[in-house]
Amino acid sequence: MAVVLLPRSLLALFPGVERRHEVDGADVAAVIAALEGRVPGLRDRLVEDGPRLRPHINVFVAGVPADLRTSVGTDDTVHVIPVVSGG
Amino acid sequence: MPTSILLVGTPKGAFILERAADEGGGPDDWAIRGPLCEGWPIHDLIVERGGGALLAAGGSPWYGPAVWRSEDLGVSWTHSSVGLTFGDDGGTSQEPIKTVWSLAVTPDGAILAGVEPAALFRSEDRGATWSQVTGLTEHESRSTWQPGAGGLILHTIIPHPTDLQRTWVGISAVGVFETLDGGATWEPRNQGVRADFNPDPHPITGQCVHKFAAAAGEPESLYQQNHCGMYRSSDGGLSWTDLTANGLPSQFGFPLVAHPRDTNTFWIIPLNGDDRGRYVPGASAAVWRTHDRGDTWIRAGDGLPQQDAYLSVLREAMARDTLDPVGITFGTKTGQLWHSDDEGVNWQLITRDLPEIWAVEALILD
């Protein structure tokens with residue numbers, strides 16, 4: 001199973017949810033769908049109409065920038081990281 | 001003892017201020033809590049009818065739009081955006097929803113939400129799930145809708161107080177619409193309202209409504225602060241009369257609130273003009289009120305800075321409570337929150353250190 005690491009600002013929206021998850025999923029979309037099963041509402045925070053990743057959400061699979069169609073291997077680590085922006 | 005509550009929306013989260021309702025006095029009497037809603041930008045806050053839950057309309061630049069809900073006066077919050085979507089097909093033809101801009105509760109307890117880009121959503125389960133009121137966005141004028149400086153936003157929602165079939169909405173820069181059939185179809189309500197920035201200054205739609213409100217208990221009496229004038233309607237928006245020439249210093253401004261009991265009284269804060277800096281005229285702050293439906297106006301600046309005050313007040317950033325006399329509160333783009341205990345005659349500064357203030361709502365808890 002892939003390991004997914006969620007950002008602090010996302011965890012704050014879902015009290016009690018852990019940062020680290022082990023999930024099955026052939027691609028990023030499937031990984032997020034699996035997370036939605038554990039954390040209802042989480043997909044809406046990461047994915048907008050299209051569907052596509054929200055513009056200011058970066059996902060990395062094994063350290064490489066990814067989109068929803070990017071394949072995820074069973075040994076991969078998936079980082080979800082909000083872009084550095086704001087004011 | 002009754003408690004005065006102020007709900008404040010800012011780009012850095014919601015804030016709640018409280019004090020004893022009969023306390024009067026100065027700024028130190030108000031206790032401030034925040035930022036709430038995890039620091040999300042919050043455009044509007046309301047109180048749910050009956051249960052008293054707080055609802056906050058927001059949109060995160062990272063995590064998208066949501067409606068926040070608190071059952072314990074802002075101590076803890078949940079959020080939902082289930083159904084707040086144009087769908088994956090819609091996402092290819094127009095921008096996804098950026099933020100929730102406005103909220104209202106209907107007489108039968110449903111919640112309405114206005115979003116950017118402009119559309120209306122309805123929740124029958126206290127904000128847990130949402131469905132689009134497609135009749136509005138399927139209006140024949142939709143392809144012509146253009147954004148104002150704040151975006152293409154549905155910022156004002158006024159449900160009829162007794163007729164569930166009727167609701168008015170305001171969209172910038174599109175104008176006022178009314179439904180007479182529960183949202184299935186919508187009619188523009190902009191006759192008499194100018195669009196000076198348009199080659200045709202009297203289009204059917206395309207007016208830049210900034211804010212409008214209904215007189216208490218008299219829903220056919222509407223007051224509208226527009227980009228191009230201050231208007232009154234006596235027929236539910238079928239026609240509008242410009243009141244600017246009745247002594248106002250400017251046709252331009254954003255906020256407007258109506259008295260909770262007196263149908264003749266409402267308050268506005270004129271700004272100097274859309275191309276002149278959008279601050280209070282002469283850099284001298286004042287709230288203007290009428291007691292005769294806009295036929296005459298009274299300027300009130302006592303307590304407010306009368307020189308070198310380059311203050312702006314946004315459309316949702318003024319509110320009134322239900323006390324007698326009525327308390328009025330407004331917030332500025334530079335983070336100052338001002339309050340009047342005497343219906344807008346005299347003013348006191350509550351705080352000068354909040355973020356840019358987008359929204360103010362006032363309520364009294366017994």
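Computed from a predicted model, the values in this text were never measured in an experiment. (Residues numbered from 1 in each chain as written. Chains lettered and ligands numbered in written order. Predicted model: local features only at pLDDT ≥ 70, side-chain atom pairs only at ≥ 80, totals over all residues.)

Colleague: Describe in detail the overall build of chain A, supporting the description with residues and values.
Modeller: Check the secondary structure of chain A and you find three helices and seven strands. In chain A, the order of α-helices and β-strands from amino to carboxyl end is β-α-β-α-α-β-β-β-β-β. Taken across its 87 residues, chain A has 29% of its residues classed as buried. Across chain A, the fraction of contacts at a sequence separation of at least 24, relative to all contacts at a separation of at least 6, is 47%. (Helix = DSSP H or I, 4+ residues; strand = E, 2+ residues; numbered from the N terminus. Buried ≥ 20, exposed ≤ 12 C-beta atoms within 10 Å, placed from the backbone. Contact = placed C-beta atoms within 7 Å.)

Colleague: Pulling in residues and values, what's your account of the interface of chain A and chain B?
Modeller: One widely used convention gives an interface's size as the accessible area the parts lose upon coming together. Facing 17 residues of chain A, the contacting portion of chain B comprises 16 residues. Of the residues assigned to the side of chain A that touches chain B, the class counts are six nonpolar, six polar and five charged. (Nonpolar A, V, L, I, M, F, W, Y, C, P; charged D, E, K, R; others polar.)

Colleague: Describe the nonpolar core, and please don't skip the residues or the numbers.
Modeller: Val8, Ala113 and Val360 of chain B are the most contacted members of the largest nonpolar core, which totals 103 residues. Every residue in contact with Ala113 of chain B, bar those within four places of it in the chain, is listed here: Ala57, Val67, Val100, Ser102, Leu103, Phe121 and Trp130 of chain B. Counting residues in each nonpolar core, the second largest holds 21 residues, with Leu6, Leu46 and Ile57 of chain A together with Tyr63 of chain B among its members. (Core = buried A, V, L, I, M, F, W, Y, C linked by C-beta atoms within 7 Å.)

Colleague: Talk me through the sheet that holds strand S10 (residues 119-123) of chain B; I want residue IDs and the actual numbers.
Modeller: Residue and element names in this part refer to chain B. The sheet built from four strands is open, its strands ordered S8-S9-S10-S11 with antiparallel pairing. Taken across any chain shown, the strands that pair with only one partner, and hence form the sheet edges, are strand S8 (99-105) and strand S11 (131-132). In this structure, S10 lies alongside S11, joined through two bridges in antiparallel fashion. Paired with Phe121 across the two strands is Gln132, which belongs to S11. (Pairing = 2+ DSSP bridges.)

Colleague: With reference to specific residues and values, describe the sheet that holds strand S4 (residues 42-47) of chain B.
Modeller: All names here are of chain B. Reading across from one edge, S4-S5-S6-S7 is the order of the four strands in this open sheet, with antiparallel pairing throughout. Strands with a single pairing partner mark the edges of an open sheet, and in this sheet they are S4 and strand S7 (78-80). This sheet shows a mean twist of 25 degrees between the axes of neighbouring strands, independent of strand direction. Of the strand pairs in this sheet, strand S6 (residues 64-70) and S7 are connected by three bridges, and their pairing is antiparallel. Bridge assignment links Val67 to a residue of S7, and that residue is Ser80. (Axes fitted to C-alpha atoms, helices over the stretch in contact; angles between N-to-C directions.)

Colleague: Can you tell me about the confidence of the model for chain B, naming the residues and giving the values?
Modeller: Summary statistics for chain B give a mean pLDDT of 95 and a share of 98% for residues scoring 70 or more. For this predicted complex, the interface confidence comes out at an ipTM of 0.93, alongside a pTM of 0.96. (pLDDT = per-residue confidence, 0-100.)

Colleague: With reference to specific residues and values, describe the pairing of strand S5 (residues 54-60) of chain B.
Modeller: Side-chain direction in a regular strand flips from residue to residue, so the side chains alternate between the two faces of the sheet. Residues and elements named next belong to chain B. Counting buried positions over the seven residues of S5 gives seven, a clear majority of the element. Going residue by residue along S5, you find Leu54, Ala56, Gly58 and Ser60 tucked away on one face and Leu55, Ala57 and Gly59 tucked away on the opposite face as well. Across five bridges, the pairing between S4 and S5 is antiparallel. By the bridge assignment for S5, Ile46 is matched with Leu55. Where S4 folds back onto S5 in an antiparallel hairpin, the turn is made up of six residues, including Gly50, whose phi is positive at roughly 85 degrees. Sheet topology places S5 next to S6; seven bridges connect them, and they run antiparallel.

Colleague: Tell me about unusual backbone geometry, residues and numbers included.
Modeller: The peptide bond linking Gly50 of chain A to Pro51 of chain A adopts the cis configuration, its omega dihedral lying at -10 degrees. On the secondary structure map, Pro51 of chain A appears in the loop between strand S3 (47-48) and strand S4 (52-53). Of the consecutive residues Gly34 of chain B and Pro35 of chain B, the connecting peptide bond is found in the cis state with omega at -5 degrees. Locating Pro35 of chain B in the fold gives a position in strand S3 (residues 31-36). With phi around 65 degrees, Arg126 of chain B is a residue other than glycine that occupies positive phi space. Position of Arg126 of chain B among the secondary structure elements: in the loop between S10 and S11. In this model, Glu343 of chain B sits at a positive phi of 65 degrees, which is unusual for a non-glycine residue. Counting through the fold element by element, Glu343 of chain B comes out in the loop between strand S26 (337-340) and strand S27 (348-351). Judged by C-beta crowding, with 20 C-beta atoms within 10 Å, Glu343 of chain B ranks as buried.

Colleague: Can you tell me about helix H2 (residues 28-38) of chain A, naming the residues and giving the values?
Modeller: Listing the buried residues of H2 of chain A in full gives Val28, Val31, Ile32 and Leu35 of chain A. An end-on view of H2 of chain A places all buried positions within 95 degrees of arc, on one side of the element. (Arc of directions from axis to C-beta.)

Colleague: Talk me through the pairing of strand S18 (residues 229-233) of chain B; I want residue IDs and the actual numbers.
Modeller: Residue and element names in this part refer to chain B. With five of its five residues buried, S18 lies for the most part within the structure. The side-chain alternation of S18 yields two buried faces, one formed by Gly229, Tyr231 and Ser233 and the other by Met230 and Arg232. Across five bridges, the pairing between strand S17 (residues 218-226) and S18 is antiparallel. Each residue of the ladder has a partner; that of Asn226, found in S18, is Gly229. Remark: two residues form the turn of the hairpin made by S17 and S18, two consecutive strands paired antiparallel. Where S18 meets strand S19 (residues 241-242), two bridges bridge the pair, whose relative direction is antiparallel. The partner of Tyr231 across the bridge, within S19, is Asp242.

Colleague: Residues and numbers for the environment of Phe266 of chain B, please.
Modeller: Residues and elements named next belong to chain B. On the secondary structure map, Phe266 appears in strand S21 (residues 266-271). The buried category is assigned to Phe266, around which 26 C-beta atoms lie within 10 Å. As a C-alpha pair, Phe266 and Asp125 span 141 residues in sequence and 33 Å in three-dimensional space.

Colleague: Lay out the environment of Lys211 of chain B in plain terms, naming residues and giving numbers.
Modeller: Residues and elements named next belong to chain B. By the secondary structure assignment, Lys211 is in strand S16 (residues 209-215). For Lys211, a count of 23 C-beta atoms within 10 Å corresponds to the buried category. Placed 44 residues apart in sequence, Lys211 and Pro255 show a C-alpha to C-alpha distance of 6.1 Å. Ignoring sequence-local partners within four residues, the contact set of Lys211 consists of Thr156, Gln225, Phe254, Pro255, Leu256 and Arg315.

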